[in-house]
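Read off the chains here:
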Amino acid sequence: MALILKNTIFINWETLEFKSTHLKVEEGDGGIVTLFENVAEIQISPSDEIIDCKGKLVTKSFAIGHHHAYSALARGMPAPKKSPTNFEEILKYIWWNLDKALDKETIEASAFTTAMACAKAGSTFAIDHHASPNYINGSLEIITKAFEKVGVSHLLCYEITDRDGLEKAQQGLDETEAYLRNNQGLVGLHASFTVGNETLKKAVDLMQKTKSGIHIHVAEDKYDQEHCLQKYDKRVIERLNDFGALDSSKTILAHCLHINENEREIIKNSKVFVVQNTESNLNNNVGYFNSKGIGNKIMIGTDGMHSNMLRSTQSAYFVGQAKDKIDFVSAYKRFRNVHNYLIINSFQGDGENNLVVLDYDSPTEIKENNFLGHFIYGLNSNHVQHVISNGKLIIKDRIIQTVNEDDVLKFTKELSLRLWEKL
Ligand SMILES: [Zn+2]
């Protein structure tokens, strides 16, 4: 079975070349996409699905560089018992309280709602960082099943940390090792300030043994650096580098707000990718991302705030006008770099048969040489009409095809109330 998209304006995601064409999209990981000038040339079999796109824009779907499905049920939750006054307290009173309350069903509900939100906003792939200290064993498998049911590909990890003691850290390592036996994924670490040398060494050993990469928060707040300098007499990037965590092109460093020139140089000369999360940084009031001196391997994430990559990129662009050096081209490159990360590392699920059809009602002309102006100022997730994941139509006319959205939302609402009662 194939999917035929008739009458499209196809935008090549790498060159931004526009082409009026018809597409035949094969199903499955790595399925081929063939472009046809004339509809008559397409061999159509009775089982093929045909969509007339009527001149709408079609391009590669999106992917999220750093996400937290576990926080999906936080929206609208009661205020913490004590108001946080700094980043550490935000973690302690809000996020570490929430992740400790997660169980099997609430992890599942969080994953379903996240996968649906990703798909509806045009993303068919998410790199996720999961934490549930009181339900560690098997947690990644629960997320995998939910994501795959919706049709969103994934690169998951469990957040290994000493914050709840070495026994829990070991459980995180065990969960990671078990998961990586049968799945693509990463070795997740919370952050330098909650990971001691023993756990850090074990995590990097596991990374090497499984030929994977580390996925860690770096210098999100100044505190991460202060702690590292005080305890280890070195800075966070130096510490991670000394342990070998940066020796993999699969390694992802989230945030990197408070890093000095030497750390920027180390990142630039390494194979790792950095992921910026502008809105999350604004929300936590921890500082601003600046790309100076760290090279071009920069991706964009949503950090659990939402699942909307267009919004995250536009925020990075707008905040970056004052705080970073970012223009239309570099904003778009950061938005799309996640695909390069996935290609370089041969991860599955993000081939050319992942597409989005945009119902973009522009009041002005849109073409190759002004597309990026539309990308920053015009396009938003409301324009996502159809989404194709690994050749399969998972969103059709803005409606999820793979699961019953009403049933899922009823389930997640019930579960969110149960979660909030435990906070
Ligand atoms: Zn994060």
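Cut-offs and rules
- Residues numbered from 1 in each chain as written.
- Predicted model: local features only at pLDDT ≥ 70, side-chain atom pairs only at ≥ 80, totals over all residues.
- Heavy atoms only, no water.
- Axes fitted to C-alpha atoms, helices over the stretch in contact; angles between N-to-C directions.
- Helix = DSSP H or I, 4+ residues; strand = E, 2+ residues; numbered from the N terminus.
- Left-handed = near helix turned anticlockwise from the far one by under 90°.
- Contact = heavy atoms within 4.5 Å.
- Nonpolar A, V, L, I, M, F, W, Y, C, P; charged D, E, K, R; others polar.
- Salt bridge = Lys/Arg side-chain N within 4 Å of Asp/Glu carboxyl O.
- Buried < 20%, exposed > 50% of the residue type's maximum accessible area, 1.4 Å probe, protein only.
- Donors = N, O, S within 2.8 Å, 3.2 Å for Na, K, Ca; no water.
- Tetrahedral: all angles 85-135°; square planar, octahedral: opposite > 155°, others 65-115°.
- Phe/Tyr/Trp six-rings, centres within 6.5 Å; stacked < 30°, edge-to-face > 60°.
- Core = buried A, V, L, I, M, F, W, Y, C linked by side-chain atoms within 4.5 Å.
- Pairing = 2+ DSSP bridges.
- Expected span 1.5 Å × (residues − 1).
- Bend = angle between axes of the 7 residues up to and from the residue.
- Polar contact = N/O pair within 3.5 Å; in protein donor to acceptor, adjacent residues only side chain to side chain.

(A) How the structure looks around the packing of helix H2 (residues 104–120) against helix H3 (residues 139–150). Look at H2 against H3: their axes get within 8 Å of each other, and the N-to-C directions meet at 35°. Between H2 and H3 lies a crossing of right-handed hand. Residues Lys104, Ile107, Glu108, Ala111, Phe112, Thr114, Ala115, Met116 and Ala119 of H2 pack against Ser139, Ile142, Ile143, Ala146, Phe147, Lys149 and Val150 of H3. Among the residues making up the contact of H2 with H3, the classes are represented as eleven nonpolar, two polar and three charged.

(B) Main features of the pattern of salt bridges. On inspection of all chains with the given rule, the structure shows 21 salt bridges. One salt bridge connects Arg163 with Glu159, and the closest N-O pair in it is separated by 2.8 Å. Arg163 gets classed as buried once you look at its relative accessible area, which sits at 18%. What makes Glu159 buried here is its relative accessible area of 4%. Between Glu177 and Lys209 there is a salt bridge, with the nearest N and O atoms lying 2.4 Å from each other. Remark: Lys209 occurs in helix H5 (residues 197–209) and Glu177 occurs in helix H4 (residues 166–182); sequence separation between them is 32 residues. Exposure remark for Glu177: the relative accessible area of 23% places this residue in the partly exposed category.

(C) Main features of the coordination of the zinc ion. Within the first shell, the zinc ion binds the protein through His66 (NE2), His68 (NE2), His217 (NE2) and Asp303 (OD), at distances of 2.0 to 2.2 Å. For the zinc ion, the four donor atoms in the first shell make angles of 89 to 165° at the metal, a pattern classed as irregular.

(D) View of the packing of aromatic side chains. Inspection of every chain in the model, using the stated rule, returns 15 aromatic pairs. The interplanar angle of 85° and the centroid separation of 5.2 Å between the aromatic rings of Phe193 and Tyr223 together place this pair among those described as edge-to-face. Linking Phe193 in the loop between strand S9 (187–191) and H5 with Tyr223 in helix H6 (residues 222–232), this pair joins segments that are 30 residues apart in sequence. Ring geometry for Phe335 versus Phe375: centroids 4.9 Å apart, planes at 55°, classification tilted. Taken together, the positions of Phe335 in helix H11 (residues 328–344) and Phe375 in helix H12 (residues 371–377) put the pair 40 residues apart, joining distant regions of the chain. Residue Phe375 is classed as buried on the basis of its relative accessible area of 2%.

(E) Spatial organisation of the nonpolar core. Core analysis: the largest hydrophobic core is formed by 105 residues, its most contacted members being Ile214, Val218, Leu240, Leu253, Ile267, Phe371 and Phe375. Residue contributions to this core peak at eight residues, all from H2. What Phe371 contacts, discounting residues up to four positions off in sequence, is Ile11, Leu16, Phe18, Tyr332, Ile366 and Leu379. One finds Ala63, Ala254, Tyr341 and Leu342 within the second-largest nonpolar core, a separate group that totals 15 residues.

(F) Looking closely at the sheet that holds strand S3 (residues 33–36). Strand order in this open sheet of eight strands is S3-S2-S1-S4-S14-S15-S16-S17, and the pairing throughout is mixed. The outermost strands of the open sheet, each flanked by one partner alone, are S3 and strand S17 (399–400). Sheet topology note: the strand S15 (residues 384–389)/strand S16 (residues 392–396) ladder contains three bridges and is antiparallel. In the sheet register, Ile388 faces S16, and the bridge partner there is Leu393.

(G) Spatial organisation of the environment of Asp29. By the element assignment, Asp29 lies in the loop between strand S2 (18–26) and S3. A relative accessible area of 43% means that Asp29 is categorised as partly exposed. For Asp29 and Asn390, which are 361 residues apart along the polypeptide, the C-alpha to C-alpha distance reads 5.4 Å. Beyond its immediate sequence surroundings of up to four residues, Asp29 is in contact with Gln348, Gly349, Asp350 and Asn390.

(H) Main features of the sheet that holds strand S7 (residues 153–155). One open sheet holds the three strands; their spatial order is S5-S6-S7, and the pairing between them is parallel. For this open sheet the edge positions go to strand S5 (62–67) and S7, each flanked by a neighbour on one side alone. Between one strand axis and the next, the sheet turns by 20° as a mean value, whatever way the strands run. Two elements, S5 and strand S6 (residues 123–128), share four bridges in a ladder whose sense is parallel. Paired with Phe62 across the two strands is Ser123, which belongs to S6.

(I) Quick peek at H11. In this model H11 runs 24 Å from its N-terminal to its C-terminal C-alpha over 17 residues, within 8% of the 24 Å that 1.5 Å per residue would give. Along H11, the largest kink reaches about 40° and is centred on Arg336. Of the residues making up H11, those classed as buried are Ala331, Tyr332, Arg334, Phe335, Arg336, Asn337, Val338, His339, Tyr341 and Leu342. Following H11 by one or two positions, Ser346 adopts a phi angle in the positive range, close to 55°.

(J) Just the side chain of Asn183, in detail. As for its position among the elements, Asn183 is in the loop between H4 and S9. Side-chain polar atoms of Asn183 contact the backbone oxygen of Tyr179, separated by 2.9 Å. Ignoring sequence-local partners within four residues, the contact set of Asn183 consists of Glu141 and Thr144.

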